[in-house]
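# Overview (structure and organization)
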Amino acid sequence: MEMVDFVVDTLPHFSRLALVAQSDGGSFWLPPPESVSAWAVDNVFYYIMYLSYFFFALITALLVLFVVRYRRRPGVEAVKTATHSMTLEAVWSLIPLGLVIIMFYVGFVGYVELRSPPDRAYEISVLGRKWSWQFTYPDGTMATDLHVPVGEPVRLMMTSEDVIHSLSIPAFRVKMDLVPGRYTRTWFQAKQPGKYDLYCTEYCGTGHSDMLASVVVHERADFDEWLKQAGDILGNSATPVEAGEKLFRLNGCGSCHSTDGTPRIGPTLKGIFGEEHKFLDGSSLTVDENYVRQSIMEPGAKVREGYKNQMPTYKGRISDPEITALIQYLKSLNE
Ligand code: CUA
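From a predicted model like this one, the values you see are computed outputs, not experimental measurements.

Scoring rules and cut-offs
- Residues numbered from 1 in each chain as written.
- Predicted model: local features only at pLDDT ≥ 70, side-chain atom pairs only at ≥ 80, totals over all residues.
- Heavy atoms only, no water.
- Helix = DSSP H or I, 4+ residues; strand = E, 2+ residues; numbered from the N terminus.
- Expected span 1.5 Å × (residues − 1).
- Buried < 20%, exposed > 50% of the residue type's maximum accessible area, 1.4 Å probe, protein only.
- Contact = heavy atoms within 4.5 Å.
- Axes fitted to C-alpha atoms, helices over the stretch in contact; angles between N-to-C directions.
- Parallel < 35°, antiparallel > 145°, perpendicular 65-115°, else oblique.
- Nonpolar A, V, L, I, M, F, W, Y, C, P; charged D, E, K, R; others polar.
- Patch = residues over 30% accessible without salt bridge, like charges linked within 9 Å, V, L, I, M, F, W, Y side chains within 5 Å.
- Areas by Shrake-Rupley, 256 points an atom, 1.4 Å probe, with all protein chains shown as cover.
- Salt bridge = Lys/Arg side-chain N within 4 Å of Asp/Glu carboxyl O.

## With respect to helix α8 (residues 320-332)
Residues that lie three or four places apart on an α-helix share one face, since the helix turns once every 3.6 residues. Over its 13 residues, α8 extends 18 Å from the first C-alpha to the last, a length consistent with the 18 Å expected when each residue adds 1.5 Å. Buried within α8 are the following residues: I323, A325, L326, I327, Y329, L330 and S332. On its buried face, α8 is in contact with α6 (240-250) and α7 (289-297).

## So, the packing of α6 against α8
Closest axis-to-axis distance for the α6/α8 pair is 7 Å, and the angle between their directions is 100°. Taken as axis vectors, α6 and α8 run roughly perpendicular relative to one another. Side by side, α6 and α8 meet where P240, V241, A243, G244, E245, L247 and F248 of the first sit next to E322, A325, L326, Q328, Y329, L330 and S332 of the second. Each residue belonging to the contact of α6 with α8 can be placed in one class, and the counts come to nine nonpolar, three polar and two charged.

## A look at a nonpolar patch on the surface
Together, F54, L58, I59, L62, L65, F66 and Y70 give the surface a local cluster of nonpolar side chains, amounting to about 710 Å² of exposed area. Looking at the secondary structure, you find L58 in helix α3 (residues 38-69).

## Observations concerning the side chain of N251
Note that N251 resides in the loop between α6 and β11 (276-278). The class of N251 is buried, set by a relative accessible area of 4%. Among residues more than four places away in sequence, those in contact with N251 are R129, Q134, M142, Y314 and I318.

Next comes the structure, spelled out in structure tokens:
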């Protein structure tokens, strides 16, 4: 952090550069910066951008000038140019060298800032999967949108259940891959309450462009209230069917099981109650509550004909009252 503070003090020029480009807080290129580390991205971005503008203009202008001035004309002899100029070569080597060293420095300082979360950060687990986000809070509460308190550093500990996804929050200048079998981290600190967009920015299959969520930044008291509400799904739903529908969504069941009759990786769950199901081992059974419960706890026990067992167990991840709500929801799909 000392290094970062040092740079914030010693590089006012770059910060001012960023400010010029952000008269309303944002620019044509970037949304208003809403996190305390946004400068880390903005400085290097605007530095490279203005440098590119400058050299684009300079080179194009000289090109046009030389084309006009030194074009071939009748009666004008070609002038023999100098073959070597130490001064000229030193100038066109050292100035760009200085400019790219500054580029590295500004970029490195930003990288250090983005990669070092403060020690006392609020940690949220993020699970990416085809094609939804699951955010899990320290108390076990799950959500499909990312809710965070304002003005506090938030660390995201992320992994993926299937393929590589990438979490991106443009307003916070945050972007980090989620890799199966590995944890990656990122962090941010929101500056003011509001609602921001969260995208998946790694192509991850058919539903990639639907892999969207919101970041909701609350005042601390509102956040605590939200956490309390969100944590008690059964207590805060009007009916068990409604609670079951929420649980279905939060646990990502819909990634593999449709509720409209179309088969996916797993069979559809529409209208299954009372149906006769045939299994891989040759046995069969009429779908009832016990069979649904068993399929959630031990997915491998009875695998439908025509499908492979790809479902993880939910043993220990879901309570009995929650299973009951899920069953009520599945039953409601029969109507
Ligand atoms: Cu997940 Cu793209």
